[in-house]
Amino acid sequence: MTRSKGQERFRDTAAQLIRFSLPLILSGVLQQLYNWADAFIVGNVEGELALAAVGSTTTTINFYVMAITGFTLGLSILFAQRFGSGQTQDIPKILSSFCLLLGIVFLALAGAGILLTNPLLRLLRTTEDTFALAADYLRIVLMGIPFLAVYNVYSAALRGIGDSKAPFYAVLVSSITNVALDILFVALFRWNVAGAALATVVSQAAMTLFLILYSVRKHPLLRFYPGRATISWSILRQGVHFGLPPMIQSSVSSLGSLILQNFMNGFGTQTVAAITTAYRIDTIVLLPIINLGSGISTLVAQSYGAGNHCRTRSICKAGTAVMAVISLLLTLLVIPTGGHLIALFGAGAEAVHIGSDFFIRIASFYVIYGLAMSVRGYLEGIGDVTYSSAAGILALLLRIFLSYSLVSIFANMVIAYAEAFSWILLLALYVIRAVWKTRNM
């Protein structure tokens, strides 16, 4: 009977985790459609040169996006722990403080990026034939970064109080807007990559406005009034404690990606077009893994805040089992279809071949990555964000080292192998820490 009850609890926990994570996965997929729509329409309307130009800005844009999402990942844990412990009076203070702080900080950072676009693209060895187009695209897209900062703070708050559907609704509105404007600006007005970038910025603004209005209307807990103790310094200190380590990791990861982009650019335009397009696809493919890990983190944080340590371990076990199944299914899906997906973006035959080879190698390690994200979610949910972030930085350093040291063996496929080997290190570091933390909890 006890075993039967345990199995029932396991199934209930797994079902709850899937229900909570599914809207996160769907919203992540739709959010990535910004870049997909840009690349797909630009590639098919303007050609491979424009596709490579958009792709060459990916790592720079991701620096901003990952810094924002990294910080707000920590905030979502703080929101969830406060919600789980019943300290709901802190939630509007967290929301107002960090909407203002992150909005101002990323407005300034986006402005700096716009001013330094040309030097940055030269530093990344952007090819001469794509340089002007890449500069146009990057400058316009950076204008939308402050909207993303505010959106992600609200999204973190909603996840923390258990509403994972609202971000999906917001991204749905934004995705429809983005695709419609891409068709209008690029296919009809022929504004080239600048039109795709403008469509992205307008859709991000619409997404942010929608989520704010939804939150104010549906959740009284998320209402605050500017000018009435908008900033709480004690809350800022707590939020920085949770948000800064994953932000540092995400920023370092983005800087590492800039180094790897520079490394990859040395293989030529066709490899750049192939691998950057492959990473666009890979980013969407991995969203079920990433967002299930985020779901694990949020539910663990709520249970940990309530002092229910037994349930935190139950969530981790159920989440790991679900993660293993999903990761394996993604592997079986991507290996035979990767090249065909790249061809949809207007890439040439050689770029498609390179991208197909990349997917065969990287997808073989999806299960390793999935298990690592599951354990990471558990660690971050119990507040161990500093270790989690440090482990991510170590894995990135290994990836960079292997990229340069193994290039003579694997040529341009070293990009896939180096990342896969870094996932193995990441899983080992997380498992060791989780075992130690669980024994001492």
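Before reading on, note that the structure itself is shown above.
To start, this report covers the structure provided alongside it.

Conventions we followed
- Residues numbered from 1 in each chain as written.
- Predicted model: local features only at pLDDT ≥ 70, side-chain atom pairs only at ≥ 80, totals over all residues.
- Heavy atoms only, no water.
- 1 Å grid on protein atoms, 1.4 Å probe; cavity = no way out; pocket = protein on both sides within 12 Å on 5 of 7 lines; lining within 4 Å.
- Points joined across faces, edges and corners; volume = space filled by probe spheres on them.
- Nonpolar A, V, L, I, M, F, W, Y, C, P; charged D, E, K, R; others polar.
- Helix = DSSP H or I, 4+ residues; strand = E, 2+ residues; numbered from the N terminus.
- Buried < 20%, exposed > 50% of the residue type's maximum accessible area, 1.4 Å probe, protein only.
- Contact = heavy atoms within 4.5 Å.
- Patch = residues over 30% accessible without salt bridge, like charges linked within 9 Å, V, L, I, M, F, W, Y side chains within 5 Å.
- Areas by Shrake-Rupley, 256 points an atom, 1.4 Å probe, with all protein chains shown as cover.
- Salt bridge = Lys/Arg side-chain N within 4 Å of Asp/Glu carboxyl O.
- Expected span 1.5 Å × (residues − 1).

1. Notes on empty space enclosed by the protein
Taken as a whole and judged by the stated rule, the model has two cavities of 30 Å³ or more. Of the pockets and cavities examined, the second largest cavity occupies roughly 50 Å³. If you go around the second largest cavity, the residues you meet are A52, S56, T126, T127, T130, N265, T269 and V272. Its residues placed into classes, the lining of the second largest cavity shows two nonpolar, six polar and no charged.

2. Some remarks on the side chain of S155
Residue placement: S155 occurs in helix α7 (residues 145-160). Residue classification places S155 among the buried positions, given a relative accessible area of 4%. Sequence-distant contacts of S155, defined by excluding residues within four places in its chain, comprise P167 and L211.

3. Comments concerning the environment of L330
Turning to its location among the elements, L330 is positioned in helix α13 (residues 309-343). Sequence spacing of L330 and A363 is 33 residues, and the spatial spacing of their C-alpha atoms is 7.8 Å. Apart from the residues lying within four places of it in its own chain, the contact partners of L330 are V285, P288, I289 and Y366.

4. Some points on a nonpolar patch on the surface
Judged by side-chain polarity, V179, I183, L188, F189, W191, L198 and V202 come together as a nonpolar surface patch covering roughly 610 Å² of accessible area. Elements supplying a minimum of two residues to the nonpolar patch: α8 (166-188) and α9 (192-218). Element by element, the count of residues in the nonpolar patch is highest for α8, at three residues. One can find W191 in the loop between α8 and α9.

5. What to know about helix α12 (residues 287-305)
Helix length check: α12 (19 residues) gives 26 Å between terminal C-alpha atoms against 27 Å at 1.5 Å per residue, within 8%. Counting buried positions along α12 gives 16 out of 19 residues, so the element sits mostly inside the fold.

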